[in-house]
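A structural walkthrough
So you can see what is in the structure, the chains are spelled out below.
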Amino acid sequence: MQSPYLSEEHSLLRDQVRRFIREEVEPHGETWERDGHVPREVLRKMGELGLLGLRYPAEYGGSEMDYLGTVVLAEELGRSSFGGFAITVLVHTDMASPHMANAGTDEQQAKYMPGIVSGETISAVAITEPNAGSDVASIKTRAESDGDDWVLNGQKIYITNGVLADVYFVAAKTDGSAKGSRGISMFIVDKDTPGFTVAQELDKMGWRSSDTAELLFEDCRIPHGNMLGDLNRGFYAVMQNFQNERLTLAAQAIGEAEKAIEMTVQYALDRPAFGKSLWQQPVIRNTMSMLAAKVASARAFVYETAWRATQGEDVVREVSMLKALCGDLVNEVTYACQQYHGGFGYMRGTAIERMVRDARVQAIGGGATEVMLEEVAKRMDGVFD
Ligand SMILES: Cc1cc2nc3c(=O)[nH]c(=O)nc-3n(C[C@H](O)[C@H](O)[C@H](O)COP(=O)(O)OP(=O)(O)OC[C@H]3O[C@@H](n4cnc5c(N)ncnc54)[C@H](O)[C@@H]3O)c2cc1C
């Protein structure tokens, strides 16, 4: 069903991403799952096709599209059925690099944005710490000014693209005496900076083709010019960028849910049992129909919210709703779809088995469902106006 919010440009983008996935992702995705990362060459190819800079300025090679462009990209990457591949790309395009695109000085942007858009420079964002995930304001990594440098000390965990990124946008405390949210700043740390190490590559339940790392900063010196945005305003930058991140994650989850339903309908049509196909069992087709209704509704809400964001509206409540709704829905959908694949769907190497594992984190990462619902609860005034 074509959404009235989408233009011809969005449809062309969708076709282009689908073609890329068919030709460049589906034949190799299983290998990347085993290797634990997506080859750099694939990201470069996406850069050449213009897929890594959809919303960025033309002067850096971007396409200057709107939020709906991001939503189409995320939905289609979700539909690839390889969540690890999807998140590798989307962390770079819509979770890490927006820190540079939104807060970088002209000089910083001139240095980093062309590589970000072409796929030469892959980015990661490092906020979470062993004792601070949902509660961003309580991070402990600190940055102290010393001469012309900032000196970073601390630890980050669960960082997507953490092993293979070239540049890291890192949150650190710059005012230990200020209330948590008021004493955080963002910094640019290049991969080869002395004192910065990838301490460990982390093993995960799902998203296995996405590399995830623990990072260490030990007297890591970076010039004053590597502060990203304003001193002590980093918490607010993180919260602002979370809106795009969460909308993107919601769209990715919807793409995954759509794909799981399509695969399961086909499987149920083909699979004989009790002298007919599984699809002829009313409980199966009714369950799939209800799930399709839920996914179609959530998808329409994603598109509408992206459209509102493009109009400049404050959509914090809607984005929080969507992150909670879609993160849980993709789990509900993939669980039922695995059920109807029977024993086959429990086997390693089947798409649905991978999709169930990949879906689990969608209710945790980038804002756990409970945390998102608290954000909605704070904004219930006029919710149906
Ligand atoms: C695969 C993966 C990739 C990630 N990538 C990145 C990345 O690139 N960069 C980055 O900075 N971080 C990243 N993260 C971190 C992620 O955003 C956090 O894991 C997430 O925000 C939850 O934080 P936490 O793990 O510390 O859980 P906690 O904050 O300890 O919460 C644990 C659980 O408690 C519940 N909970 C928490 N707070 C509340 C509350 N207020 N009310 C009710 N219930 C609550 C939720 O169910 C939550 O899942 C990634 C995580 C994973 C698993």
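Right above here is the structure, for reference.
Now for a look at the structure at hand. (Residues numbered from 1 in each chain as written. Predicted model: local features only at pLDDT ≥ 70, side-chain atom pairs only at ≥ 80, totals over all residues. Heavy atoms only, no water.)

Comments concerning the packing of aromatic side chains
Heads up, the rule is: In this analysis, rings of Phe, Tyr and Trp, with Trp reduced to its six-membered ring, are considered paired at centre separations within 6.5 Å, and the interplanar angle assigns stacked below 30 degrees, edge-to-face beyond 60, and tilted for intermediate values. A run of H or I in DSSP counts as a helix once it spans at least four residues, and a run of E counts as a strand once it spans at least two, with each numbered from the N terminus. Summary of the burial criterion: residues with accessible area below 20% of their type's maximum are buried, those above 50% are exposed, and those between are partly exposed, where the area comes from a 1.4 Å probe applied to protein chains only. Note on criteria: charge over ring means Lys NZ or Arg CZ within 6 Å of the ring centre, with the direction from the centre no more than 35 degrees off the ring normal.
For the structure on display, the rule yields seven aromatic pairs. When the ring of Trp32 is compared with that of Phe85, the centres are 5.7 Å apart and the planes differ by 45 degrees; the resulting orientation is tilted. In this pair, Trp32 is assigned in helix H2 (residues 29-35) and Phe85 in helix H5 (residues 83-103), connecting sequence segments 53 residues apart. We note that Trp32, like Phe85, is buried. An aromatic cluster of three or more residues is present, and its members are Tyr168, Phe196 and Phe217. One Lys or Arg, Arg55, reaches over the ring of Tyr67 and ends 4.1 Å from the middle of that ring.

Notes on the environment of Met227
Using the following cut-off: Only heavy atoms matter for contacts: two residues are in contact if any of them lie within 4.5 Å across the pair.
Mapped onto the elements, Met227 comes out in strand E8 (residues 227-228). On the basis of relative accessibility, which here comes to 14%, the residue Met227 falls in the buried class. With 123 residues separating them in the primary sequence, Met227 and Gly104 have C-alpha atoms 8.8 Å apart. If near-sequence neighbours (up to four positions away) are discounted, Met227 is found in contact with Gln108, Trp150, Thr174, Ser185, Met186 and Phe187.

Considerations on the pairing of strand E5 (residues 184-190)
Short version of the rule: Two strands qualify as a pair provided DSSP detects at least 2 bridges between them.
For E5, a buried count of six out of seven residues is recorded, marking the element as mostly surrounded by other parts of the structure. Relative to E8, E5 runs antiparallel, the two being bridged by two bridges. Paired with Met186 across the bridge in E8 is Leu228.

Describing the site of the ligand
The condition is simple: A molecule or strand has a residue near it when one of that residue's heavy atoms lies within 4 Å. As used in this structure description, the phrase polar contact means that two N or O atoms lie within 3.5 Å; if the pair is within protein, one of them must be able to donate a hydrogen and the other to accept it, and residues adjacent in sequence are counted only when both atoms belong to side chains.
Surrounding the ligand, one finds 18 residues, the nearest of these being Val125, Thr128, Ser134, Tyr158 and Thr160. Here an oxygen atom of the ligand sits 3.5 Å away from a polar atom, N or O, in the main chain of Gly133. Between the ligand and the protein, one listed contact pairs an oxygen atom with a side-chain N or O atom of Glu370 at 2.9 Å. Of all the secondary-structure elements, those providing two or more residues to the shell around the ligand are strand E1 (123-126), strand E3 (149-160) and helix H11 (369-377).

Things to note about helix H4 (residues 67-79)
Think of an α-helix as turning once every 3.6 residues; residues three or four places apart then point the same way. Condition: For a helix, the expected span equals 1.5 Å multiplied by the residue count minus one.
In a regular helix each residue adds 1.5 Å, so 13 residues correspond to 18 Å; H4 covers 18 Å between its end C-alpha atoms and thus fits that length. Judged by how many residues are buried, H4 sits mostly within the fold: twelve of 13 residues are covered. Residues of H4 that are buried include every one of Leu68, Gly69, Thr70, Val71, Val72, Leu73, Ala74, Glu75, Glu76, Leu77, Gly78 and Arg79, and no others. Tucked into the core, H4 has its buried residues touching helix H1 (8-25), helix H3 (40-48), H5, helix H7 (234-270) and helix H8 (282-310). In the segment just after H4, Ser81 is the residue with positive phi, at about 80 degrees.

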